[in-house]
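# Secondary and tertiary structure notes
Each chain, letter by letter, is given below.
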Amino acid sequence: MTIAPTIDIRRIGGRIGAEVIGVDLARPIDTELAARLTGALVEHKVLVFRGQDLDDEAHLRFAGTFGPLTAAHPTVPAVDGHANILAVQGGEGARANAWHTDVTFVVAPPKATTLRSLVVPPYGGDTLIADTAAAYADLPEHLRLLADRLWAVHTNDHDYAEHPQFRTDEVEAYHQVFVSQRYRTAHPVVRIHPESGAPNLFIGGFADTVIGLSRTESKDLLRLLQAYVTRPENTLRHRWAVGDVVVFDNRTTQHYAADDYGDLPRKLHRVTVAGDVPVGADGGTSYVIEGDDAGHYTPRAAR
């Protein structure tokens with residue numbers, strides 16, 4: 001029996017996001033449903049599945065619907081016994097309270113990110129997700145023409161705690177793990193989506209400098225472009241409940257975990273799907289500046 005026709009995909013944001021109703025992710029997904037979900041992810045950029053009852057094995061099987069999996073992370077240890085699962089917990093050093101796209105400091109960042117909630121606080125801890133293609137479309141023509149020509153260096157050795165009052169021992173310890181292998185990669189500021197063909201602003205928190213510009217000029221220009229990404233109309237805010245599964249297209253989104261839940265527990269499991277090497281508006285492909293191609297982390301897609 002085919003289950004794909006019974007599902008309902010409902011938009012939940014004006015520009016980004018859809019909720020998928022009528023799918024039990026604990027069951028194997030047939031090819032028809034897999035194709036429908038893949039198409040919906042490209043169209044809506046974020047898919048939300050509520051009320052799911054998954055263990056780690058079922059989570060891995062579901063994430064594999066979208067393609068081969070990466071390891072948990074290039075530098076941060078995986079969940080014990082599950083090389084493809086990263087624990088996203090509310091420890092002070094690991095809170096991702098900055099806009100970013102996952103693992104853009106490697107040459108082939110993930111195609112998609114899947115998150116499953118295990119423990120959620122009674123308030124706070126929402127995840128915000130932004131549509132970077134809508135942001136590009138919002139740019140004035142002259143700014144689009146400029147962005148089309150720019151390349152940025154992405155690195156994992158960025159400042160996790162810009163303000164001195166946030167530099168705790170826990171933050172420093174996590175940072176040392178995160179940068180135990182340093183990566184610097186050049187990516188186009190405007191990336192062409194490999195399936196939809198839509199251009200988007202491929203920047204975020206790991207984008208450090210713009211090639212050919214000073215650090216001050218880079219920060220000013222990246223801040224200007226980033227302001228279009230985080231416009232409220234380009235974002236979706238997900239309020240977590242236990243059993244939620246959220247998938248977002250890492251090739252054309254950024255996300256931000258709101259750090260507004262104090263010392264309350266919050267735990268998600270993350271599994272990411274292997275992606276390809278980004279292609280820019282000029283047809284150029286991303287390249288490694290420092291580090292390696294992270295082959296231990298992701299099967300780099302050949303072109």
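Residues numbered from 1 in each chain as written. Predicted model: local features only at pLDDT ≥ 70, side-chain atom pairs only at ≥ 80, totals over all residues. Heavy atoms only, no water.

## Thoughts on the packing of aromatic side chains
Keep this limit in mind: Working definition: rings of Phe, Tyr and Trp (its six-membered ring) pair if their centres are within 6.5 Å, and the pair is stacked with planes under 30 degrees apart, edge-to-face with planes over 60 apart, and tilted otherwise. Strands are runs of DSSP state E lasting at least two residues, helices are runs of H or I lasting at least four, and both sets are numbered from the N terminus onward. Sitting over a ring, as applied to charges here, requires NZ of Lys or CZ of Arg to be within 6 Å of the ring centre and within 35 degrees of the ring normal.
Evaluation of the coordinates by the stated rule reveals six aromatic pairs. When the centroid spacing of 5.6 Å and the interplanar angle of 45° are considered together, the rings of Trp99 and Tyr256 count as tilted. In this pair, Trp99 is assigned in the loop between strand 4 (86–89) and strand 5 (112–119) and Tyr256 in strand 14 (residues 253–257), connecting sequence segments 157 residues apart. By the ring-pair criterion, three or more aromatic residues cluster together here, those being Phe49, Phe62 and Phe66. Sitting above the plane of the Phe202 ring, Arg191 keeps its charged end 4.9 Å from the centroid.

## Quick word on the side chain of Thr209
Quick note on the threshold: We call two residues contacting when some pair of their heavy atoms lies within 4.5 Å.
Following the sequence through the fold, Thr209 ends up in strand 11 (residues 207–210). Not counting the four nearest positions on each side in its chain, Thr209 is found in contact with Trp151, Ala152, Val153, Arg215, Ser218 and Leu222.

## Examining the packing of helix 4 (residues 141–148) against helix 6 (residues 215–229)
Using the following cut-off: Axes, fitted as lines to C-alpha atoms, cover a helix only where it is in contact. Angles between the N-to-C directions of the axes lie from 0 to 180 degrees. Note on terminology: angles under 35 degrees are roughly parallel, angles over 145 are roughly antiparallel, angles of 65 to 115 are roughly perpendicular, and the others are oblique. Should the near helix be turned anticlockwise from the far one by less than a right angle, the crossing is termed left-handed; should it be turned clockwise, right-handed. Under the scheme applied here, ten amino acids are nonpolar (Ala, Val, Leu, Ile, Met, Phe, Trp, Tyr, Cys and Pro), four are charged (Asp, Glu, Lys and Arg), and all others, including Gly, are polar.
Packing of helix 4 against helix 6 brings their axes to within 12 Å, and their N-to-C directions diverge by 120°. On the basis of the axis angle, helix 4 is oblique to helix 6. Relative to helix 6, helix 4 is oriented so that their crossing is left-handed. Packed against helix 4, whose contacting residues are Leu143, Leu146 and Ala147, the element helix 6 presents Leu221, Leu224, Leu225 and Tyr228 at the interface. Of the residues that constitute the contact of helix 4 with helix 6, the class distribution is seven nonpolar, no polar and no charged.

## Brief notes about the sheet that holds strand 12 (residues 235–238)
As a reminder of what qualifies: Note on pairing: two strands pair once DSSP finds at least 2 bridges between them.
The strand order 12-6-14 describes an open sheet built from three strands, whose pairing is antiparallel. In this open sheet, the two strands that pair with only one neighbour each are strand 12 and strand 14. Each strand axis lies, on average, 20° off the axis of its neighbour in the sheet, ignoring direction. Alignment of strand 6 (residues 127–131) against strand 14, held across five bridges, turns out to be antiparallel. Paired with Ala130 across the strands is Gln254, a residue of strand 14.

## Here we look at the pattern of salt bridges
Short version of the rule: The salt bridge definition used is simple: a Lys or Arg side-chain nitrogen within 4 Å of an Asp or Glu carboxyl oxygen. For every residue, the accessible area obtained with a 1.4 Å probe (protein chains only) is divided by the maximum for its type, and the residue is called buried under 20%, exposed over 50%, and partly exposed between those limits.
According to the stated counting rule, one finds 16 salt bridges in the structure shown. A salt bridge links Arg10 to Asp8, with the shortest nitrogen-to-oxygen separation between them at 2.4 Å. The exposure class of Asp8 is partly exposed, given its relative accessible area of 29%. Arg182 is the salt-bridge partner of Asp157, the closest N and O atoms lying 2.9 Å from each other. Taken as a pair, Asp157 in the loop between strand 7 (151–155) and helix 5 (169–178) and Arg182 in the loop between helix 5 and strand 8 (184–188) lie far apart in primary sequence, 25 residues in all. Members of the salt-bridge network, linked through shared partners, are Asp126, Arg237, Arg239 and Asp260.

Functional significance is not addressed by these values, which are geometric in nature.
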